[in-house]
Amino acid sequence: EPEVTQTPSHQVTQMGQEVILRCVPISNHLYFYWYRQILGQKVEFLVSFYNNEISEKSEIFDDQFSVERPDGSNFTLKIRSTKLEDSAMYFCASSEAGRLETQYFGPGTRLLVL
Amino acid sequence: AQKVTQAQTEISVVEKEDVTLDCVYETRDTTYYLFWYKQPPSGELVFLIRRNSFDEQNEISGRYSWNFQKSTSSFNFTITASQVVDSAVYFCALSEAYSGTYKYIFGTGTRLKVLA
């Protein structure tokens with residue numbers, strides 16, 4: 001069964017460094033999402049992406065965040081200058097056209113900012 | 001505004017007991033979807049069920065059952081004869097057609113501990 005994959009599974013970085021989290025959505029899906037879960041808290045929507053542009057973003061998704069689909073298979077989340085409070089689990093999700101209500105989640109990337 | 005409330009922060013039960021996890025939602029839309037996810041200690045989100053707003057039938061899947069009541073805006077989840085492997089955090093989530101992207105709004109989760 002097709003699945004969403006994410007790399008790396010864990011990343012440790014120093015405050016102020018840039019990180020790129022990578023996702024490979026399910027191949028025929030056209031809608032992509034990032035969510036964040038700070039340790040012990042709920043999962044929060046960050047951004048949705050369709051047709052090479054952001055379709056919706058939350059208040060959390062400020063100027064230090066960006067998303068990109070650099071090729072036909074990858075979907076990335078870049079954090080330009082990480083802060084301690086960016087430490088979280090980041091989930092990528094994708095959905096297919098006509099079935100947006102069903103998102104398939106990747107296993108997550110656990111980011112730790114020191 | 002859309003909101004999902006899981007009032008139970010943590011529940012502990014002894015193995016073989018039945019347990020119900022509560023979920024109450026708020027939505028401005030008539031078309032919406034409700035979900036339950038399990039998050040084990042490893043951290044991934046495991047999909048359990050999806051229910052759309054037009055289908056109020058309750059559902060049973062093995063030891064799991066779900067009670068959807070639009071009149072009270074609730075979508076509760078019951079585990080029958082709980083097992084230690086059921087120990088996890090369980091999240092309820094809402095997705096609305098109003099939001100063109102169908103973004104998910106999650107509740108704060110309920111941590112279930114099943115003791116042997």
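The following paragraphs examine the structure supplied in this document. Fair warning: this is a prediction, and the values are worked out from it, not measured in the lab. (Residues numbered from 1 in each chain as written. Chains lettered and ligands numbered in written order. Predicted model: local features only at pLDDT ≥ 70, side-chain atom pairs only at ≥ 80, totals over all residues. Heavy atoms only, no water.)

With that settled, consider the interface of chain B and chain A. Interface size is commonly expressed as the accessible area that is lost once the parts come together. Tallying the contact residues gives 21 residues for chain B and 20 residues for chain A. When chain B packs against chain A, the two sides together hide about 1600 Å² of surface, and 56% of this comes from carbon and sulfur. The three residues of chain B that bury the most area against chain A are T101, Y104 and F106 of chain B, which together make up 34% of that side's buried surface. Across the contact surface, chain B and chain A share two salt bridges. Two residues, E101 of chain A and R50 of chain B, come together in a salt bridge whose shortest N-O distance is 3.1 Å. At the junction of chain B and chain A, the tally comes to ten residue pairs in polar contact (both at pLDDT 80 or more). For the side of chain B that touches chain A, the secondary structure elements donating two or more residues are strand 5 (32-39), strand 10 (88-96) and strand 11 (104-106) of chain B. Considering every element that reaches the side of chain B that touches chain A, the biggest residue donor is strand 5 of chain B, with four residues. (Contact = heavy atoms within 4.5 Å. Buried area = accessible area lost by both parts, 1.4 Å probe. Salt bridge = Lys/Arg side-chain N within 4 Å of Asp/Glu carboxyl O. Polar contact = N/O pair within 3.5 Å; in protein donor to acceptor, adjacent residues only side chain to side chain. Helix = DSSP H or I, 4+ residues; strand = E, 2+ residues; numbered from the N terminus.)

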